Amino acid sequence: MNTQEKHASCASTGSVTASPVLDIRGLRLRLPRTARPVLDGVDLTVAAGETVALVGESGSGKTLTSRSVLRLLPPGAGTEGAVRVAGEDVLTMSAARLRALRTGTAAMIFQDPRAAINPLRRIGDFLTESLRLNTGTSAEEAERRAGELLVAVGLAPAVMRQYPGQLSGGMLQRVMIAAALMGDPALLLADEATTALDVTTQAEVVALLGDLRDRFGTGLLFVTHDLGLAATISDRVYVMYAGRIVEAGPADALFARPRHPYTAALLAATPRLDAPQGRLNAIDGQPPDLKAELTGCPFAPRCVHATGICTEQAPEDRAVTAAPDGREHRVACHHSDRVTGSADHG
Amino acid sequence: MNFLRFGLRRLAEMAVTLLAASFVIFGAMYLAPGSPASFLLSGRSASPAALEAINRQYHLDDPFAVRYFRWLGQLLHGDFGRSITYRTDVSRLLADRLPSTLLLVAMALVLVVAAGLALGRIAAVRGGAVDSTILVTTTLAVGTPSFVAAVLLQGLFAVRLHWFPAGGTGDGPVQMLWHLTLPAVALALYLIGMLARVTRSAMVEVLGQEHVTVALSRGVPRRKVMGRHVFRNALGTVLTTGGLIVSTLLVCTVLVESAFGVGGIGQLLELSITTKDFPTVQAISLTMVGLFMLINLAVDLAHPLVDPRIALGPRRSAA
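Residues numbered from 1 in each chain as written. Chains lettered and ligands numbered in written order. Predicted model: local features only at pLDDT ≥ 70, side-chain atom pairs only at ≥ 80, totals over all residues. Heavy atoms only, no water.

1. Notes on the nonpolar core
Point 1. Membership of the largest hydrophobic core comes to 73 residues, with the highest contact counts inside it found for L22(A), L44(A), L127(A), V175(A), I177(A), L187(A) and L221(A).
Point 2. At eight residues, helix α7 (residues 169–181) of chain A tops the list of elements feeding residues into this core.
Point 3. Dropping the residues within four chain positions of it, L22(A) is found in contact with L44(A), T45(A), V46(A), V69(A), V83(A), R84(A), V85(A), L187(A) and L221(A).
Point 4. Counting 42 residues, the second largest nonpolar core, distinct from the first, contains A124(B), L187(B), I192(B) and A215(B). (Core = buried A, V, L, I, M, F, W, Y, C linked by side-chain atoms within 4.5 Å. Buried < 20%, exposed > 50% of the residue type's maximum accessible area, 1.4 Å probe, protein only. Helix = DSSP H or I, 4+ residues; strand = E, 2+ residues; numbered from the N terminus. Contact = heavy atoms within 4.5 Å.)

Next up, the structure:
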């Protein structure tokens, strides 16, 4: 598989040195009228030039996690913990600092570019407005930069004079990416950035993101429910379930030998081209309701390995194996030893 | 479809509409009870000879079709006929009266647009108690008919406080503005409420859209997002009420002009209807239809400027 080579090249650029561009510590987020936190002690780091995938089912909290990096929180949300971007805590910074962070340090690529770009304004206006309104960059300077970035994402600078309705979805997502790069960010957040695109365009956009990360040295947090995509693009993977990180580790190690039953089950539920099956192994049961308190492991009711301790005591997050290059593989499961690999499932 | 073709097409449509309107207007007066002759005689019994003389002078005995086409022919030559009550050319009457009405409607329109948009925008942006207050106030405004507003404003600002004259039109531009202030407010009140509510709900709808969150997530200041994205995108919805606003102004000006004794075409229309002054009523009605169509044309032409997704011309059947 050529993904192996890709990982090798990624690992060389994405070394875990210096301080990370994104460092989430014990992030807990509560919403009004819920019995338990939507995010419950999330720890996550992204180093400069590193690609990190955050995977999980819908409702697991992965989008909330990525949005909290820009402090795009739902109304009434209460937070604990810290979300540091380039060393500064996003959750406590002033409004002015927050605007500066959103303009320059971190930028998000949204899922549906058709909804994310104002249909009544020209592409050029969308690309340049953040810089022009916040940094005192002149219109000519901002347009010059927008033109360069449009070329970098494979579009002609002439699209700046067009309206969103005149471009295809794939082109708009490229515009979205160019817009995210306008402020020369240290961190890119891609929230299901390819989900709304067709498969060919998806592959193009993923390749483009990889190129741009190498070229500009940005950290990339890639939020997706697509495990295959996560395996292809990322250096490290975080698996999220019911607002908690249940497993985290180097992409190759984690996919070769998942240590959390949920990761294993997710992998088993992913359609594979190389191992055709009659039907997919769906995970039985539903993710836990936000209206109910949780004791023990959130996955226990759906887990084939669950025993008494699982429903009584929440599993501690612990290191299972350290990869040779020092990157840790961590899991929060009482019975991680019983979980067998997924590569040979079916 | 290009601008010129669109313009020509609309002009042709307007001509047809005007023709249809002229027929309805003429027919309505013909069907209404009473006749100018009986009004002129005002209850006195006249000799059949005198009655016949009046009927002959104003062609009241001719068949409907003959009278309609004679009137239409005169119209095409710019001749609205002679007023039966005032015994002068209707075009003279209109030329004398139209400026005060146009000034009144224009003043009211400025008030409606300025206050309506501002109140709607403030309600949407601020929310909370400010929003509730504006909602309650505008509900009150929408529930008050313009003639009631006229009486209330007269009672308070003219009779009690003597800030403004209670009626009349005034001579000279400054006097006219001063005289027309209260009527303009009375005329505008209902529409300010309506426009504020339309603006507010259009903005609230845009506020929930993803591109607003995206703009904020890119560090665009909230105040700028409100102007450049939320208010800007709400304008299309607001513009569609433009035709309705102007037509309401034209209709309500009849009541307000009468209440304040403003010598405009609204008051003239009311007087002419009670006196069965056929030519005058027809001319004023047709003028109002024409004004209304011009405003609608302006709104349609402005739409693509506000929303680039809208192209000029009829909606394509498949899209």
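Anyway, onward from the coordinates.
2. Quick look at the packing of helix α11 (residues 242–260) of chain B against helix α13 (residues 278–306) of chain B
Residue and element names in this part refer to chain B.
Point 1. With their axes 8 Å apart at the nearest point, α11 and α13 run at an angle of 160° to one another. Accordingly, the angle class assigned to the pair α11 and α13 is roughly antiparallel. Read as a crossing pair, α11 and α13 show a hand that is right-handed. Of α13, the residues touching α11 (which contributes G242, G243, V246, S247, L250, T253 and V254) are M288, L291, F292, I295, N296 and V299.
Point 2. Of the residues in the contact of α11 with α13, the class split is eight nonpolar, five polar and no charged. (Axes fitted to C-alpha atoms, helices over the stretch in contact; angles between N-to-C directions. Parallel < 35°, antiparallel > 145°, perpendicular 65-115°, else oblique. Left-handed = near helix turned anticlockwise from the far one by under 90°. Nonpolar A, V, L, I, M, F, W, Y, C, P; charged D, E, K, R; others polar.)

3. Some details on the confidence of the model for chain B
When pLDDT drops low, the exact placement of atoms in the prediction is not to be read closely.
All names here are of chain B.
Point 1. On average, residues of chain B carry a pLDDT of 86, and 92% of them reach 70 or more.
Point 2. Per-residue pLDDT stays below 50 along residues 315–319; that stretch engages in one contact with residues further than four places along the chain or on separate chains.
Point 3. Both scores are given for the predicted complex: the pTM is 0.81, the ipTM 0.83. (pLDDT = per-residue confidence, 0-100.)

4. Re the packing of aromatic side chains
Point 1. Tallying each qualifying case throughout the model produces twelve aromatic pairs over all chains.
Point 2. For the pair F23(B) and F64(B), a centre-to-centre distance of 6.0 Å together with 85° between the ring planes defines the contact as edge-to-face. Taken as a pair, F23(B) in helix α1 (residues 3–31) and F64(B) in helix α4 (residues 64–76) lie far apart in primary sequence, 41 residues in all.
Point 3. When its relative accessible area of 21% is taken as the criterion, F64(B) is described as partly exposed.
Point 4. The interplanar angle of 40° and the centroid separation of 5.6 Å between the aromatic rings of F157(B) and W163(B) together place this pair among those described as tilted.
Point 5. Taken together, the ring pairs connect F23(B), F26(B), F64(B), Y68(B), F69(B) and W71(B) into an aromatic cluster.
Point 6. In this arrangement the basic side chain of R121(B) is found over the ring face of F231(B), its NZ or CZ atom lying 4.8 Å from the centre.
Point 7. The ring of F126(A) is capped by R218(B), whose NZ or CZ atom sits 4.4 Å from the centre of that ring. (Phe/Tyr/Trp six-rings, centres within 6.5 Å; stacked < 30°, edge-to-face > 60°. Lys NZ or Arg CZ within 6 Å of the ring centre and 35° of its normal.)

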